[in-house]
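Per-entry structural report
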Amino acid sequence: MTRSSETSSAAMTWDLSDLFAGPDDPRITADLEQATKEAEAFANRFRGTIDVPGGPTVGHLRSVLQAFEELIERVERVDAYAHLIFTADTTKPAHRDLRQQVHLKTTAIQNLLVFFELEWQQVGDADAERLMTSADLSPYHYYLKRERQNRPHTLSEPEEKIITDLRVTGASAWQTLFTELISGLKFPIEHDGETKSLTLAGLQALIRDPDRSIRQRAHESQYVVLRQHDHVLAYVYNTLVQDKHTLDRLRHFPNAMASRHLSNDVDPAVIDTMLNAVEAHAGLAQQYFQLKAQLLGLPKLAIFDQYAPIGKEASTCDYATAQRYILDSFGAFDPRFSDMANRFFEGRWIDAEVRPGKTGGAYCMSISPRHHPYILCNYTDNLRDVMTVAHELGHGLHGLLGQKQTLLEYGSSLALAETASVFGEMLVFERLVEAEQDPAAKIALIGGKLEDIFATVFRQTILTRFEQFAFARQEKERLTPEGLGDDWIAANRRYYGDTVEMDENYRWGWSYIPHFINSPFYCYAYSFGELLVLSLYRMYQEQGEKFVPGYVELLERGGSGSPAELLSAIGVDISEPEFWAKAFVEIERLIDKMRVLVQETAA
Ligand SMILES: [Zn+2]
């Protein structure tokens, strides 16, 4: 296979020999066989020993948990390896075969182990409390607590079975219909003198086109086609909202957001505070939209101008320079950060090369507290890629620092999963802006960062508000395209005010968003994660090196507590509006920087 010699990341590949020698390493099969045997032995030995009158003893539960963890680690090591080599080269049949073989085996093993978590849920509350508060089980406290969180909302076994069976022809069927309908749509657009037919994703990429008429045509095509299906789309959404109302009632959830709050382990009041803080600061976004209109020479932005490119594309950055920028920025925060990041580069834990057959995008995989994390990315010498490497290294450092935890409390919960990564990006972003000499390129950099922040903070808050409106409306009436359009515009108005023109088409902006269909009220977690990092970053700006030890401790605690618990350990109270307000000081700082640059370049 030819290597791409065009970018500076050529030959920057990882070394997976820490795990296995290759897809045909006999230790892979041996490990899977051993894990299967151990899982059978585990089930034979421990089934029926957890859900016993009075609950198990502390010593017994601890030894079961340790055996459970060892088994999972053995399986995950193989599973991770299969995933790593497959994504590094998806074209090799041996990689695909291994992935399939591992998948079959791990599913069988998981089925042998599932009794443990079910039995633990059955233990009475008083006995569970005694076990969870014992010092000997403290490394598992949060895991044990989380495994029981759905107990008050779980119905009897036959009831649960009926719900699961009927879901196939109920909610799941509507979700599949939605996915198939949207992914099958073709959007016609005139481009370079010919009419092309694009998918929704292909069409939406044109929203970043420098040519305004192309952006406008893409916007119109999107909604002309979606509107043709609006009654089906509204019907599907109405059915799913109603289905959720019914299930929530049966499961004794007080409202439509409660199950999501429970799975995120956050206090509903905290999320209210956060959403209100976002809306209270919409004026900042509106200032940016006015600035952007000025840059584009428009009296006012239309909704399709929101992501139009501004400024000038920044210069390129080779991989060695990226490494230097990252190590410098991390090192300025804490020398340990640059040491750990340096190990990733020098120890070949990163696969950065661009080559055929490799999967796109980037990820960091932290397998267990006993393994060094691995990073995959596709480094193509532009500044976005520098930020991507910084992002994944943030995850990687989180993975290293969290190694003090047990495997069952190693990974962070959703709300904190992106903290270290986005924080790492922030550290490097500042350095990149400083290093860039051309003010127009600085504008593009800061504008890009602000638009990413807005898409995460403001837009995801709007999506959440829209869902709240729609769920409230559904309790009174059937959801129709008209009603949903009203709710959509009302939610968006809180963000855009009158600084962005929302045309008639935009009333159908709700109709294609998969999160509404597949994971209701999921979106606020994106706002939460981004704001959290901005607020923490602001604290770092205010406190300097005094901030560092608490932040390191936060990462060291991995997934061993709820977001509120872990953050309170570093003196952060997420129930306070003042904490969330810090994030907007940081956003304002970026907008001010941008304003100065716009004035400079206009002069
Ligand atoms: Zn990430």
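Report on the accompanying structure. (Residues numbered from 1 in each chain as written. Predicted model: local features only at pLDDT ≥ 70, side-chain atom pairs only at ≥ 80, totals over all residues. Heavy atoms only, no water.)

Within the protein, the zinc ion binds to His391 (NE2), His395 (NE2), Glu418 (OE) and Glu418 (OE); these donor distances fall in the range 2.1 to 2.8 Å. Viewed at the metal, the 4 donor atoms of the zinc ion are separated by angles of 51 to 141°, and the geometry they form is irregular. Binding-site remark: the zinc ion is held by donors from one chain whose sequence spacing is H-x3-H-x22-E. Linking His391 in helix H16 (residues 383-401) with Glu418 in the loop between helix H17 (414-417) and helix H18 (419-435), this pair joins segments that are 27 residues apart in sequence. Looking at His391, the relative accessible area reads 15%, which means it is buried. Note on Glu418: relative accessible area 34%, which makes it partly exposed. (Donors = N, O, S within 2.8 Å, 3.2 Å for Na, K, Ca; no water. Tetrahedral: all angles 85-135°; square planar, octahedral: opposite > 155°, others 65-115°. Helix = DSSP H or I, 4+ residues; strand = E, 2+ residues; numbered from the N terminus. Buried < 20%, exposed > 50% of the residue type's maximum accessible area, 1.4 Å probe, protein only.)

Our next topic: the state of the cysteines. Inspection of every chain in the model, using the stated rule, returns 0 disulfides. Free cysteine Cys317: the closest other cysteine sulfur is in Cys377, separated by 12 Å. (Disulfide = S-S within 2.5 Å.)

The next subject is the environment of Leu247. Counting through the fold element by element, Leu247 comes out in helix H10 (residues 230-250). Classification of Leu247 by relative accessible area gives partly exposed; the value is 22%. A sequence separation of 84 residues divides Leu247 from Ile163, and the C-alpha atoms of the two residues are 9.0 Å apart.

Attention now goes to the pattern of salt bridges. Throughout the structure, instances matching the rule amount to 37 salt bridges. Salt-bridge contacts for Arg77 lead to Asp31; the nearest nitrogen and oxygen are separated by 3.9 Å. One end of the pair, Arg77, is in helix H2 (residues 58-88); the other, Asp31, is in helix H1 (residues 26-46), and 46 residues separate them in sequence. Comparing Arg77 with Asp31, the two get one shared label, buried. (Salt bridge = Lys/Arg side-chain N within 4 Å of Asp/Glu carboxyl O.)

Before going further, it helps to spend a moment on the environment of Met340. Along the chain, Met340 falls in helix H15 (residues 335-346). Between the C-alpha atom of Met340 and that of Leu401, which follows or precedes it by 61 residues, the distance is 9.5 Å. Once residues within four sequence positions are removed from consideration, Met340 is found in contact with Leu397, Leu400 and Leu401. (Contact = heavy atoms within 4.5 Å.)

Any functional reading would require information beyond the geometric quantities listed.
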